[in-house]
Amino acid sequence: MGIRLVIVDDAPFIREVLRHIFAKTEIEVVGEAVDGEDAIEIVNRENPHVVLMDIVMPRKSGIEAAAAIIKDFPAMKIIACSTVDQNSMVMRALEAGCCNYVTKPFTAEVVLKAVRNAAASISKEAGI
Ligand SMILES: [Mg+2]
């Protein structure tokens, strides 16, 4: 099964790095959002398996967006992305319903593993 992923980050460079990481993998990037409001809209439209969610963004933070998404899509897996200096935000992201987090700057290996683990946990929870 291909993993449907939405990337959320206000920094174009980070989105580009992520696109490259997922190119030629079984992970399909079905949408890219530039802030929390945008993320909610795109997730509603694309219904992905996994969301990679930046925390610090204009308009609506990743924490607020994650909470709103989890409320409507309890089974969706959201991975929070933060820089080391935002580590205090990680606990809030997990409390908001994120299943995991990765710290920027990240390696391709770490991001791929996090997305694959998140997708695998969906099947496990569904008993497939
Ligand atoms: Mg940001």
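These remarks concern the structure in this document. Note that the structure is a prediction, hence the values are computed from the model and not measured. (Residues numbered from 1 in each chain as written. Predicted model: local features only at pLDDT ≥ 70, side-chain atom pairs only at ≥ 80, totals over all residues.)

### Things to note about the overall build of the chain
Okay, step 1: Each helix and strand in the chain was counted, giving 5 helices and 5 strands.
Okay, step 2: From first element to last, N terminus to C terminus, the chain shows the α and β order β-α-β-α-β-α-β-α-β-α.
Okay, step 3: The globule rule puts the C-alpha radius of gyration for 128 residues at 14 Å, and the 13 Å found for the chain is close to it.
Okay, step 4: The proportion of buried residues among the 128 residues of the chain is 38%.
Okay, step 5: Summarising the internal contacts of the chain: among those between residues at least 6 apart in sequence, 60% fall at separations of at least 24. (Helix = DSSP H or I, 4+ residues; strand = E, 2+ residues; numbered from the N terminus. Rg over C-alpha atoms; globule rule 2.2 N^0.38 Å. Buried ≥ 20, exposed ≤ 12 C-beta atoms within 10 Å, placed from the backbone. Contact = placed C-beta atoms within 7 Å.)

### Observations concerning the pairing of strand β2 (residues 27–33)
Okay, step 1: Relative to β2, strand β1 (residues 3–8) runs parallel, the two sharing 6 bridges. Opposite R4, over in β2, you have E28 as the bridge partner.
Okay, step 2: Taken together, β1, helix α1 (residues 12–22) and β2 form a β-α-β motif whose crossover is right-handed. (Pairing = 2+ DSSP bridges. Right-handed = clockwise from strand over helix to strand, strands pointing away.)

### A look at unusual backbone geometry
Note: most residues except glycine have negative phi, and most peptide bonds are trans.
Okay, step 1: The linkage connecting K104 with the following residue, P105, adopts the cis geometry, with an omega of 0°.
Okay, step 2: Here P105 shows up in the loop between β5 (100–104) and α5 (108–126).
Okay, step 3: Unusually for a residue other than glycine, K24 sits at a positive phi of about 65°.
Okay, step 4: Within the element layout of this structure, K24 appears in the loop between α1 and β2.
Okay, step 5: At N47, a position not held by glycine, the phi torsion is positive, near 45°.
Okay, step 6: Relative to the helices and strands, N47 resides in the loop between α2 (36–46) and β3 (50–54).

As far as function goes, none of this settles anything; it's purely spatial.
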